[in-house]
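# Analysis of the macromolecular model
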Amino acid sequence: MLDLVVYLVSWFVVPPWSLVGWASLGALVWGINRFRYPWWRSPQSMDGKTVVITGANKGIGLETARDLVGRGATVILACRSTTRAHAARDDIMSGGWRGKVEVAQLDVSSMASVRQFAKNLHGRKVDVLINNAAVADLPQQLTSDGHELTIATNHLGHFLLTHLLMQNLKEAGGRVVTVTSIGHIWVKDVKGLDLDGDLKFQLDRPLGTLEIYGASKAMNILFTKELDRKLSGTGVTANCLHPGVVNTDIFKVFTSRVWYGLFVKLFVRTYAKSSTEGAQTSIMLAASDELKNVSGQYFQDCKIAECSSLVKDEGVAKKLWEISERLVQLQPHERTL
């Protein structure tokens, strides 16, 4: 946190007109970051493994896919736009890796799309499912299923997808890896999750749509914790991670707001990780033999980290699970846990 503290303090001690001051600060923070961010350097092979990554055509998902293909895995890029996914596949395979890349259409905000994607994988072993796709700070709107868009994309779609691929994962003794965020701390108590309001978030909130994003990320962790409890004895593990503040397209929605866009741009340029750096924890959780029996944990910077007390609450996790089952209209034959 040293670089973040330095950055925030600078707003009070460095005159905004001092170009030398800002340049020096930027150089300091850049230098600290380069030494601080961990890199998972294990040569662990993924030969013969099949990995599904949602939202893998750019950012952290793309870099995770690139690394795992380099280790010999067959990676399925599960993306809303197959055009962008095919471009990502060509980009990855231009590296001459020994693994393979497949493209499949998946819009995790649509429960019908999730079901069709899972149907297409019926009978196929899946060693790792990486729930990576996410949106942030979008204007409030409902999906065709009647769900709030951010909640549907970041939580409900992945909740359903994990259920539908569970048999595939059990056959492989697989892993579920869910990308969450430190933004989960923006939700202070269970009222902030709106569990009694069908998760549509129609009331005004102090942080607006950012608070909805934070709620969706809290749901990711609660889902992982409850999933871990339900997976006991199956051989499948479930973990989640905060990748860090990463310079990806997710920040475009923040910089479009004039009143704090400049701050976000400066913050991202000096503090944020690159997509490759941000992917390291996802890669480790997907590939590391040392973690094959580790489950139910929240990771950051390639190690287990602390999360808020709210997302550790078993009662809240169970309630979210039950509500999520109802909202995605989970059918009897889809109940694999």
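Reference entry: report on the structure contained in this document.

So, how was this worked out
Residues numbered from 1 in each chain as written. Predicted model: local features only at pLDDT ≥ 70, side-chain atom pairs only at ≥ 80, totals over all residues. Heavy atoms only, no water. Pairing = 2+ DSSP bridges. Helix = DSSP H or I, 4+ residues; strand = E, 2+ residues; numbered from the N terminus. Phe/Tyr/Trp six-rings, centres within 6.5 Å; stacked < 30°, edge-to-face > 60°. Buried < 20%, exposed > 50% of the residue type's maximum accessible area, 1.4 Å probe, protein only. Contact = heavy atoms within 4.5 Å. Core = buried A, V, L, I, M, F, W, Y, C linked by side-chain atoms within 4.5 Å. Salt bridge = Lys/Arg side-chain N within 4 Å of Asp/Glu carboxyl O.

The next point concerns the sheet that holds strand 6 (residues 237–242). Here we have eight strands laid out as an open sheet, ordered 3-2-1-4-5-6-7-8, and mixed in their pairing. The strands lining the two open edges of the sheet, one partner per strand, are strand 3 (100–105) and strand 8 (303–304). Pairing of strand 6 with strand 7 (residues 298–300) involves three bridges; the strand directions are parallel. Following the sheet pairing, Cys240 is matched in strand 7 by Tyr298.

Now for the packing of aromatic side chains. What the rule picks out here adds up to four aromatic pairs. For the pair Phe159 and Trp321, a centre-to-centre distance of 5.0 Å together with 75° between the ring planes defines the contact as edge-to-face. Residue Phe159 is located in helix 6 (residues 149–164), and its partner Trp321 is located in helix 13 (residues 314–327); the two are separated by 162 residues in the primary sequence. For the pair Phe159 and Trp321, one class covers both residues: buried.

Take the environment of Gly157 next. Secondary-structure assignment places Gly157 in helix 6. Accessibility expressed as a relative area gives 0% for Gly157, which makes it buried. Beyond its immediate chain neighbours, meaning those up to four positions away, Gly157 contacts Val108, Met111, Val114 and Ala152.

Turning our attention to the nonpolar core. In this structure, Val52, Phe117, Leu193, Leu199, Met219 and Leu227 are the most contacted members of the largest nonpolar core, which totals 53 residues. Listed by contribution, the elements that provide at least two residues to this core are strand 2 (74–79), helix 5 (111–120), helix 6, helix 7 (166–172), helix 8 (209–230), strand 6 and helix 13. Top contributing element to this core by residue count: helix 8, with eight residues. Beyond its immediate sequence surroundings of up to four residues, Leu199 is in contact with Glu148, Ile151, Leu193, Asp194, Met219, Leu320, Ile323 and Leu327. Counting 32 residues, the second-largest nonpolar core is a separate cluster that includes Ala73, Leu77, Ala85 and Cys302.

In the structure shown here, the tally under the stated rule is 15 salt bridges. When the shortest N-O distance is used, the salt bridge between Asp90 and Arg89 registers 3.7 Å. Glu306 is paired through a salt bridge with Lys312; the nearest N and O atoms lie 2.6 Å apart. Residue Glu306 is classed as exposed on the basis of its relative accessible area of 63%. For Lys312, a relative accessible area of 43% translates into the label partly exposed. Members of the salt-bridge network, linked through shared partners, are Glu226, Arg229, Lys230 and Glu314.

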